[in-house]
Each structure stands twice: as C-alpha cells, then as structure tokens.
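Topology and contacts: notes
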Amino acid sequence: MSSRPLLFGSVLACIFILLWSGTQPACSTMAKDEGSVHIVYVQKSAEHTDNVEDHHLGILESVVGSREAAKEKMLYSYSQAMSGFSAKLTDDQVKALQETPGVLQVVKDQVHTLHQPRGVGGSGPRVTKIGGNVISSLGGAGNLQ
C-alpha cells in the first residue's frame, strides 16, 4: 500500500512535465512575436516642440498601423536630452523604422551590470536615483571593471 502514493506522485509529476513542456514553445513564440525593447532616436523638430509625444506616436503609428497599437507598444517618450522613444518592436518593425524619414537610429535596449569587487572600496557601487530609473551618480566609479 505504500507504493501507491509513490506511483500517484510519479504520475502527477509526469503529467506536470508533459503539460509544462507542451506550453513552452507557445510561450517562446508569443514572446518572440511581441518583440523586444528598442530605443528610437528621432530628429528634433521645431514644429513638434508643443507635443513631442504625439510626434513620436505618429512615427510609431506609421509602422504598427494604428494609434492604439502605437500607444500599446510605446513605453516612454524622451524629449529633454534627446528626442526619441522606447517601444517593444519586432525585427520587421525595427527595419521599417530605420527606413522612416526623421528616424536617426534604432538601438536594442540592453542591460549592463556594474561590478565592483568586494574589498575594493566597499561592497559595491552606491547608486543615487533622481526619479524613475535614472541614475544620477555612482560612488567609487573609478574602481568599476
């Protein structure tokens, strides 16, 4: 009678593995179709200074087909140090944007990790945030590798 719970547990584990592995490709395909985050640098224009975000949405709309789709894809509109926006884009959308007049550059967003060995100036860099995800200063930056 003690082998029965073990058999039941093994069957459940097998079912779970089969179900999980069966959904894996669908998740991978869905994530691929959704695209990845890119930063799109746009030429600054004096005529669009009143509503820069609307200008950025217009550029993205020309590639994705509708204003609603552009709003869903756009993550952030930049207007201070540079003009541009970040959005989740597929490879085809990136290619189309690169050929769009007024688009200077499309760059895939990357995560960079700062590393400072322990024992050299403390336990790691000190980061000061001024708002959102903007880093304003790094303490001990001379020791970063």
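Refer to the structure presented above.
Residues numbered from 1 in each chain as written. Predicted model: local features only at pLDDT ≥ 70, side-chain atom pairs only at ≥ 80, totals over all residues. Heavy atoms only, no water.

Quick look at the nonpolar core
- Ranked by size, the top nonpolar core spans 16 residues in total, and within it Val40, Leu60, Phe85, Leu89 and Leu97 carry the most contacts.
- Among the secondary structure elements, those contributing two or more residues to this core are β1 (36–42), α2 (52–64), β3 (84–89), α4 (91–98) and β4 (103–108).
- Considering every element that reaches this core, the biggest residue donor is α2, with 5 residues.
- Among residues more than four places away in sequence, those in contact with leucine 60 are Ala70, Lys73, Met74, Phe85, Ala87, Leu89 and Leu97. (Core = buried A, V, L, I, M, F, W, Y, C linked by side-chain atoms within 4.5 Å. Buried < 20%, exposed > 50% of the residue type's maximum accessible area, 1.4 Å probe, protein only. Helix = DSSP H or I, 4+ residues; strand = E, 2+ residues; numbered from the N terminus. Contact = heavy atoms within 4.5 Å.)

Some points on the sheet that holds strand β2 (residues 74–78)
- Reading across from one edge, β2-β3-β1-β4 is the order of the 4 strands in this open sheet, with antiparallel pairing throughout. Strands at the two margins of the open sheet, each flanked by one partner only, are β2 and β4. Recorded for the sheet is a direction-independent mean angle of 20 degrees between the axes of neighbouring strands.
- Both β1 and β4 contribute to a ladder of 5 bridges, which runs antiparallel. Considered in β4, the bridge of histidine 38 is made with lysine 108.
- Seen against the sheet, α2 touches β1, β2, β3 and β4 and runs at an angle of roughly 135 degrees to β2. (Pairing = 2+ DSSP bridges. Axes fitted to C-alpha atoms, helices over the stretch in contact; angles between N-to-C directions.)

Notes on the side chain of histidine 55
- In this fold, histidine 55 is placed in helix α2.
- Accessibility expressed as a relative area gives 19% for histidine 55, which makes it buried.

Quick look at the pairing of β1
- Two strands pair when backbone bridges link them, and β1 and β3 are joined in this way by 6 bridges, in the antiparallel orientation. Bridged to valine 37 within β3 is lysine 88.

Quick word on the pattern of salt bridges
- If you walk through the whole model with that rule in mind, you get 2 salt bridges.
- Aspartate 54 is paired through a salt bridge with arginine 67; the nearest N and O atoms lie 3.3 Å apart. Taken as a pair, aspartate 54 in helix α2 and arginine 67 in helix α3 (residues 67–73) lie far apart in primary sequence, 13 residues in all.
- Exposure remark for aspartate 54: the relative accessible area of 38% places this residue in the partly exposed category.
- With a shortest N-O distance of 3.3 Å, glutamate 61 and arginine 67 are connected by a salt bridge.
- Under the relative-accessibility criterion, glutamate 61 is labelled partly exposed at 26%.
- Overall, the relative accessible area of 25% leaves arginine 67 in the partly exposed class. (Salt bridge = Lys/Arg side-chain N within 4 Å of Asp/Glu carboxyl O.)

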